[in-house]
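Residue-level listing of the chains:
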Amino acid sequence: MAWRFLLAILLGGVCYLDRTAACQLMLHRPLVVATLMGAVFGNMAAGAQVGVVLELIYLARLPVGASIPPDDTGAAIFGGSAAAVASSSIGLDAGSFTALLLLSVVVSEVGKAADRFVRKFNVRIARLTAESVDRGDIQAVEHGLLAGLTLFAVTGMVLALLFSGAGVVVSKELLPRFGPASRGSFAILLPALPLLGAASVYSCSRTERTAAVFFLTMAAVFAGTVLFRWSA
Amino acid sequence: MTTQALSTRSRSAVWRRQFLLQGCWNYEGMQNVGFAYAILPALRDFYANRPEEALKAVKRHLEFFNTQPAMGALILGASVRLEERVAAAESDPRAIGTFKVGLMGSLGAIGDSFFWGALRPMASVAGALLALLHPLLGIAAMLLFYNGVHLIVRRRGFDAGMEGPEAVVGWLKRAALNVRTDDRKLLAAILAGAYAGVFAGRFFVQGGGFYHALASLLLAAAAVHLFAVLFRKAVSPSEILSFLLLVGVLILWR
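What counts, and where the lines are drawn
- Residues numbered from 1 in each chain as written.
- Chains lettered and ligands numbered in written order.
- Predicted model: local features only at pLDDT ≥ 70, side-chain atom pairs only at ≥ 80, totals over all residues.
- Contact = placed C-beta atoms within 7 Å.
- Helix = DSSP H or I, 4+ residues; strand = E, 2+ residues; numbered from the N terminus.
- Nonpolar A, V, L, I, M, F, W, Y, C, P; charged D, E, K, R; others polar.
- Axes fitted to C-alpha atoms, helices over the stretch in contact; angles between N-to-C directions.
- Left-handed = near helix turned anticlockwise from the far one by under 90°.
- Domains from an automatic or database assignment.

Thoughts on the interface of chain B and chain A
Thought 1: Across the boundary between the two partners, chain B contributes 85 residues, which contact 86 residues of chain A.
Thought 2: Elements that contribute at least two residues to the side of chain B that touches chain A include exactly helix 2 (32–46), helix 3 (51–61), helix 5 (94–131), helix 6 (135–162), helix 8 (177–204), helix 9 (210–232) and helix 10 (237–253) of chain B.
Thought 3: In terms of residue count, the dominant contributor to the side of chain B that touches chain A is helix 8 of chain B (19 residues).
Thought 4: A per-class count over the side of chain B that touches chain A returns 58 nonpolar, 19 polar and 8 charged.

In structure tokens, the structure reads:
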């Protein structure tokens, strides 16, 4: 298990760097992160299932200006690792799946608080950089940026360890305490989650024609899915 | 005054360094350290034998700066060209600050709307749909849809900026990001409709006839509408998820 956590820390660090500090190539998106964590903890498909739902849920919160959206990367680390572990122990039934998705909201808020802390700490780094430049040291700019990057990366790695550990603990210790019937009753909330994700995209894609095309496509695809299921 | 021209190596270094624009993002100067870091190779070329002026130039770029990171490439390229003119005493140093402050807000708004409000949702929902077939297919599609456009905008924006600040407006007109924003928002809405339809079909219809299916569709559409209304009233996804978690706990308690 130790090498799995080591890999999770490294991958988590890279994904967290992509989130704010470097590149923004979308390697930090829940679909990528949850699938990776699923693969690391033994079941890529289980991680991807979590990623597919988490991917859209937080899109309504845009990283505009100084606002920090909830940490969906952390939520995906937690959800992906927990889903993979649960699938090899109690099985990833609909109730467990729903519980993991809902519990990830706690993780996303903890990650957001950590992100805020890093950005506050970076104020000190930026001030020190400016003071060094005032004293004539131009290279301080490069040192300052390196310090900021390191802080983002180290925080990302710590969060990756924390959240993947939390995912493993929840799947191994918490979920088995509830019987299949209890977990099954939790599953009643599952249909709301993908619809919340779709609403998230719908609300940030507002144009004059959005409502018409969204609901017409939804109805057409729903009809197709139902017909396919009835004929199968 | 003779000024050393920007070397190919330094130009490449500036291009690469723009990817770290947010490397030291902070609440005070925001992207200031990242911007100064990115433009530093060019400043070293322009002020090769003038350390005092190089220092002043670096301080200029440690002022407050914040924009959408991909659109920052355009401002960065134009700032390099402006610095070249300042170093050759063809322009006032204050023009750089005025130019950056004048553009960062408007380009930030255009970039936020295009990248975060249109392109990312479109790529995300396309990836999520294709991931239902195979996770790796979904991931590849999402990264390709997003980065195909993202990297081109960065490259062309940087090149346009390097032609000089006068070329910025022309490039923005040609890029027509406002039209592309609407197109991608519409595409995102279509794909999100398909995503909602797939999941509503999976979860809601467990048997029953036509009217049961119709009621299920209407219920799912009403749920989407309710969530969208809540988002418009500034309720966050975290608050909705927390509420659902509370409902789940109450169900378990019962």
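What about the packing of helix 3 (residues 44–57) of chain A against helix 4 (residues 72–88) of chain A?
Residue and element names in this part refer to chain A.
Thought 1: Where helix 3 contacts helix 4, the axes come no closer than 7 Å and their chain directions differ by 145°. Where helix 3 crosses over helix 4, the handedness of that crossing is right-handed. Across the interface between the two elements, Ala-46, Gly-47, Gln-49, Val-50, Gly-51 and Leu-54 from helix 3 touch Asp-72, Ala-75, Ala-76, Gly-79, Gly-80, Ala-83, Ala-84 and Ser-87 from helix 4.
Thought 2: A breakdown of the residues in the contact of helix 3 with helix 4 according to their chemical character gives 7 nonpolar, 6 polar and 1 charged.

Points about unusual backbone geometry
Residue and element names in this part refer to chain A.
Thought 1: Of note in this structure, Gln-24 is not a glycine but carries a positive phi near 55°.
Thought 2: With respect to the element layout, Gln-24 can be found in the loop between helix 1 (2–19) and helix 2 (30–40).
Thought 3: Although it is not a glycine, Met-26 adopts a positive phi angle of roughly 75°.
Thought 4: With respect to the helices, strands and loops of the structure, Met-26 is situated in the loop between helix 1 and helix 2.

Looking at the domain arrangement of chain A
Residue and element names in this part refer to chain A.
Thought 1: Looking at the assigned domains, one finds that chain A contains domain 1 (2–190) and domain 2 (191–232).
Thought 2: Listed as interface residues are 11 residues of domain 1 and, on the opposing side, 11 residues of domain 2.
Thought 3: Sorting elements by how many residues they give to the side of domain 1 that touches domain 2 places helix 3 first, with 4 residues.

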